[in-house]
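So you can see what is in the structure, the chains are spelled out below.
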Amino acid sequence: MNPADPDPKVALRFYLQSARDALLWKLEGLSEYDARRPMTPTGTNILGLVKHVAGVELGYLGDTFGRPSGENLPWLAEGAETNADMWVPPEESREDVVGLYRRAWAHADATIDALPLETVGRVPWWPDGRDEVTLHHAVARVVADTQRHAGHADILRELIDGAVGMNETNTSVPSDGPRWWEEYRERLEKAAREAEDRYRP
């Protein structure tokens with residue numbers, strides 16, 4: 001896919017797939033514990049992010065346009081535990097979650113291919129009267145959401161084992177030398193402390 005293609009679907013699909021690939025790449029090489037462990041006070045974890053975005057794609061690019069996937073998403077059932085889509089219990093394997101996400105891609109891509117971008121759908125969980133959305137808007141929303149969560153995964157992975165980068169072929173960082181990063185971080189720490197002193201009320 002070429003993001004410079006004049007067809008807006010091509011650009012949307014390119015950036016969506018880039019975000020999907022980046023998010024899954026952040027799981028590679030992690031132990032089961034590191035893939036699932038909560039890394040923030042609100043429990044953010046990499047495998048949970050993957051599970052969440054799978055549901056987002058199936059909702060916005062499936063159900064919204066009358067194209068249900070048939071996937072069983074127990075976290076959406078009535079009475080489901082709050083935030084159940086943001087973490088993965090032990091009985092649910094990494095392969096289960098990644099497989100669901102890949103099936104969500106295929107279902108979402110089929111919706112994008114089948115319908116004009118001007119097609120209007122209804123988001124089932126939005127309030128009545130404010131629930132209409134075009135396919136173009138829905139895809140842009142899913143791109144933004146997936147890119148946001150891929151950024152979360154970037155930070156979590158760096159905290160887990162120091163691994164950084166956008167994808168396998170593009171680290172998108174200026175150096176891989178630990179000494180360079182140590183000096184860079186020290187410089188930022190010094191600048192932050194100086195700014196604190198300079199602008200203290």
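Heads up: the structure comes first, above all this text.
Note that the coordinates shown come from a computational prediction; the quantities given were computed from them, not determined experimentally.

J.: Tell me about the packing of helix α3 (residues 46-60) against helix α4 (residues 94-114), and name the residues and values.
T.: Two elements in contact, α3 and α4, have axes separated by 9 Å at closest approach and are oriented at 30°. Classified by the interaxial angle, the pair formed by α3 and α4 is roughly parallel. Crossing handedness for the pair α3 and α4: left-handed. Residue-level contacts link Leu-47, Val-50, Lys-51, Val-53, Ala-54, Glu-57 and Leu-58 of α3 to Arg-94, Val-97, Leu-100, Tyr-101, Ala-104, Trp-105, His-107 and Ala-108 of α4. Grouping the constituent residues of the contact of α3 with α4 by class yields eleven nonpolar, one polar and three charged.

J.: I'd like to hear about the environment of Ser-172, residue by residue, with values.
T.: Structurally, Ser-172 is set in the loop between α5 (135-161) and α6 (178-199). Each C-alpha atom of the pair Ser-172 and Arg-187 lies 20 Å from the other, and the pair is 15 residues apart in sequence. Residues in contact with Ser-172, not counting those within four places in the same chain, are Gly-165 and Met-166.

J.: Which residues make up the packing of α3 against α5, and what are the values?
T.: It is at 10 Å that the axes of α3 and α5 come closest, and there the two elements cross at 175°. By the angle between their axes, α3 is roughly antiparallel relative to α5. Only Ala-138, Arg-141, Val-142, Asp-145, Thr-146, His-149, His-152, Ala-153, Leu-156, Arg-157 and Ile-160 of α5 make contact with α3, whose side of the interface consists of Ile-46, Leu-49, His-52, Val-53, Val-56, Glu-57 and Tyr-60.

J.: Which residues make up unusual backbone geometry, and what are the values?
T.: Look at Asn-83: it is not a glycine, yet its phi comes out positive at around 70°. Here Asn-83 shows up in the loop between α3 and α4.

J.: Just give me the short version of the nonpolar core, but keep the residues and values in it.
T.: Leu-23, Leu-24, Leu-27, Ile-46, Val-50 and Tyr-101 are the most contacted members of the largest nonpolar core, which totals 28 residues. Per-element tally for this core: the top contributor is α3, with seven residues. If sequence neighbours within four positions are ignored, Ile-46 has contacts with Lys-26, Leu-27, Leu-30, Ala-35, Ala-153, Leu-156, Arg-157 and Ile-160. Ranked by size, the runner-up nonpolar core spans 18 residues in total, among them Leu-16, Tyr-60, Phe-65 and Leu-115.

J.: Go over the pattern of salt bridges with me, naming the residues and quoting the values.
T.: Overall, the coordinates contain 18 salt bridges when judged by the stated rule. Residue Glu-183 pairs with Arg-179 through a salt bridge whose shortest N-O separation is 3.1 Å. Remark: Arg-179 and Glu-183 occur in helix α6; sequence separation between them is four residues, near one turn of the helix. According to the relative accessible area criterion, Glu-183 is partly exposed, its value standing at 42%. Arg-179 sits in the partly exposed class, given a relative accessible area of 46%. Arg-200 is the salt-bridge partner of Glu-196, the closest N and O atoms lying 3.9 Å from each other. Through salt bridges with shared partners, one network takes in Arg-13, Arg-20, Glu-57, Asp-109 and Asp-113.

J.: Tell me what's going on with helix α1 (residues 8-25), and back it up with residues and numbers.
T.: Its 18 residues place the ends of α1 26 Å apart at the C-alpha level, agreeing with the 26 Å of an ideal helix rising 1.5 Å per residue. Among the 18 residues that make up α1, 13 are buried, leaving the element largely enclosed by the rest of the structure. The N-capping residue of α1, defined by a side-chain oxygen 2.9 Å from the backbone nitrogen of Lys-9, is Asp-7.

Rules used in this analysis
Residues numbered from 1 in each chain as written. Predicted model: local features only at pLDDT ≥ 70, side-chain atom pairs only at ≥ 80, totals over all residues. Heavy atoms only, no water. Axes fitted to C-alpha atoms, helices over the stretch in contact; angles between N-to-C directions. Helix = DSSP H or I, 4+ residues; strand = E, 2+ residues; numbered from the N terminus. Parallel < 35°, antiparallel > 145°, perpendicular 65-115°, else oblique. Left-handed = near helix turned anticlockwise from the far one by under 90°. Contact = heavy atoms within 4.5 Å. Nonpolar A, V, L, I, M, F, W, Y, C, P; charged D, E, K, R; others polar. Core = buried A, V, L, I, M, F, W, Y, C linked by side-chain atoms within 4.5 Å. Buried < 20%, exposed > 50% of the residue type's maximum accessible area, 1.4 Å probe, protein only. Salt bridge = Lys/Arg side-chain N within 4 Å of Asp/Glu carboxyl O. Expected span 1.5 Å × (residues − 1). Polar contact = N/O pair within 3.5 Å; in protein donor to acceptor, adjacent residues only side chain to side chain.

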